[in-house]
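# Architecture and fold: a report
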Amino acid sequence: YSGGLAVPLRSLVKDLVKEGSVEKLKKCFGTRMEFGTAGLRAPMGPGTSCMNDLTIIQTTQGFCCYLEHCFSDLQDRGVVIGFDARAHTASGGSSKRFATLAAAVFISRGVPVYLFSDITPTPFVPFTIVHLGLCAGIMVTASHNPKEDNGYKVYWENGAQIIPPHDKGISTTIEENLEPWPQSWDADGAIQSPLLKDPYQDAHKAYFAAIQKHCLHRDVNKKSEVKIVHTSVHGVGHSFVQAAFEAFDLHPPFAVQEQKDPDPEFPTVKYPNPEEGEGVLTLSFALADKEGAAIILANDPDADRLAVAEKQKGGQWTVFSGNELGALLGWWMFQCWKQNGEGDPKDVYMLASTVSSKILRAIALKEGFHFEETLTGFKWMGNRAKDLLEQGKKVLFAFEEAIGYMCSPAVLDKDGVSAAAIVGEMTSYLSTKKITLSQQLKAIYEEYGYHITKNSYFICHDQDTIHRLFERLRNYTGPSTYPTECGGVVVLAVRDLTTGYDSTQPDKKAILPTSKSSQMITFTFANGGVATMRTSGTEPKIKYYTELCAAPGNSDVTHLKAELDNLVDAIIEDFFQPKKNNLQPRPE
């Protein structure tokens, strides 16, 4: 280490040596963080397996070299770097510091860097790439991970997250550039460099102008009496959601005071993840009750995701699932498009990841627009959306069940800021018709068919067990045979995106990209059920996503839920075999 930059790290390592903590030292230094399509995500701390000054410099040197190889005009166009509010006192690491070091690396090679002068939501990085015509972007954030973690997310010139083969290319060049270049440590010099620019004001103004294209009911918004509470869960979202509401002429939402300012300790929540639902929303419920608000909006700490809750007549709260909010926003975006009277629905597209609800498919079939599914992750939806936009198509909406929504093509990634304003407008509009979000959701299901979902996971730390479990499904009654029924329900189709097999295709080859490094099998059942089993890229989990897609008119919800419950029980018993495989259920 150079220039005394890593004093906290050095003393941490000395302490570990003094204590004889061999296992902890192994954990820190035994492996190197793997750079994948999601970039990096790991704890802040010493060693090659953690996020620290050195590993940030090494990663950025590799990324810079890879960009030099791909873009002859990198020194003309440059890159953008953003950061959230994370900081780790023990190791001295913080998102801002990591972002500044990354800037120093690029500047040392004569590359212009647009470094945000203050915290921003993640969507501002992909927005700025396209707005300024840059080659790439980096966002230093660990989103909704535990407070000890940080991350390094990479975007390409098209404004979407990177997809293969870029991840492998960057990973290789990182390995080739591990020795820090002399100027890479010079964060102070970088800050003084004429190559360093601050895009904050320009991006802020341009972003809020861009999302206003989706504001179609300004008069309704101005007069709206809907009261909304917003929490940014100690992250970056507060001022940006306030500005988005202002851009839509909506009354400002009530901010949860204890959570509105960025705080890397996330003191009021166990996990800073709105997907965890009620635990994260306790303070929001209290404020909403006090102010008489019926709607709560919650962003995750980097404001790229959005959770929504609504107070019911009996006083209890409903937290919408990602799939339910996807149904509401998909319906709304299509209504807005129709109202604008723009063109032919045959040129309109909506996207969802393969583990998300098929409700958009049902709406598309009835309304005459296109629905496509992609692999899991917004990187796939962002890149597919870009392809479609370049073909002159209209991409109205994309979503994933993990509360990620892309309501505007200005950001080819999930964006919890624009989604918050659009939910605000949708709620205000519906309230003029005396309709709640829950009632509108029911109306969508009545019209297009009920879509009941049930998602969960098992914890498994043993890779061999996971491998055995999936291989058994691939050789169920003999070599290369999959299950033909489960719990008495016939399996109509199987798609295996690990091996590339799809029983519905004439040549039995899957159309979606396949990956041997992760497990993923989807079963389609004769009763309208769909179930996907997959491993997580970032956690020791085997996840399952199940949905029962009923035909319009079949609205006996209790019966449909019971039917899905029975199917899920059979999938767990027959396919997961939790007792035999020693799988831990999801903690309550």
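Only a predicted model underlies this, so the values are computations on that prediction, with no experimental measurement involved.

### Quick word on the overall build of the protein
Along the protein, the regular secondary structure elements total 21 helices and 25 strands. Overall, the C-alpha framework of the protein stretches about 70 × 65 × 50 Å when taken along its three principal axes. By the burial criterion, 57% of the 588 residues in the protein qualify as buried. Taking contacts inside the protein between residues at least 6 apart in sequence as the whole, the part at least 24 apart equals 69%.

### A few points about the nonpolar core
Within the largest apolar cluster, 163 residues are counted, with the highest numbers of intra-cluster contacts made by F63, F106, F208, F397 and F576. For this core, the element with the most residues is helix α14 (residues 322-340), which contributes 10 residues. Excluding residues within four positions of it along the chain, F208 makes contact with F124, F240, A243, A244, A247 and V417. Core analysis: the next-biggest nonpolar cluster, separate from the first, contains 10 residues, A385, V395, M406 and L412 among them.

### Let's talk about the packing of helix α19 (residues 463-474) against helix α20 (residues 557-576)
Running from amino to carboxyl end, α19 crosses α20 at an angle of 100°, the nearest separation of the two axes being 10 Å. The pairing of α19 with α20 is recorded here as roughly perpendicular in orientation. Residues L469, R472 and L473 of α19 lie in contact with α20, whose contacting residues are D574, F575 and F576. Residue composition of the contact of α19 with α20, grouped by class: four nonpolar, no polar and two charged.

### Considering the packing of α14 against helix α17 (residues 416-432)
Close contact between α14 and α17 brings their axes to 11 Å; oriented N to C, the two are set at 75°. Our classification of the angle between α14 and α17 gives roughly perpendicular. Counted together, L325, L328, L329, W331, W332 and M333 of α14 and I422, V423, E425, M426, Y429 and L430 of α17 form the full contact between these two elements. Split by residue class, the contact of α14 with α17 holds 11 nonpolar, no polar and one charged.

### Quick look at the UniProt feature "domain: Alpha-D-phosphohexomutase alpha/beta/alpha" (unreviewed entry) in the protein
Within the UniProt annotation, "domain: Alpha-D-phosphohexomutase alpha/beta/alpha" (unreviewed entry) is assigned to residues 33-177, 206-312 and 322-448. Each end of residues 33-177 is marked by a C-alpha atom, and these two atoms are 15 Å apart; helix forms 38% of the span and strand 19%.

### Comments concerning helix α9 (residues 200-211)
Between its terminal C-alpha atoms α9 stretches 17 Å, which fits the 16 Å expected from 12 residues at 1.5 Å a residue. Turning to α9, its buried residues number three or more, namely Y200, A203, A206, Y207, F208, A210 and I211.

Definitions and cut-offs
Residues numbered from 1 in each chain as written. Predicted model: local features only at pLDDT ≥ 70, side-chain atom pairs only at ≥ 80, totals over all residues. Heavy atoms only, no water. Helix = DSSP H or I, 4+ residues; strand = E, 2+ residues; numbered from the N terminus. Buried < 20%, exposed > 50% of the residue type's maximum accessible area, 1.4 Å probe, protein only. Contact = heavy atoms within 4.5 Å. Core = buried A, V, L, I, M, F, W, Y, C linked by side-chain atoms within 4.5 Å. Axes fitted to C-alpha atoms, helices over the stretch in contact; angles between N-to-C directions. Parallel < 35°, antiparallel > 145°, perpendicular 65-115°, else oblique. Nonpolar A, V, L, I, M, F, W, Y, C, P; charged D, E, K, R; others polar. UniProt positions renumbered as here; feature names shortened; annotations may be inferred. Expected span 1.5 Å × (residues − 1).

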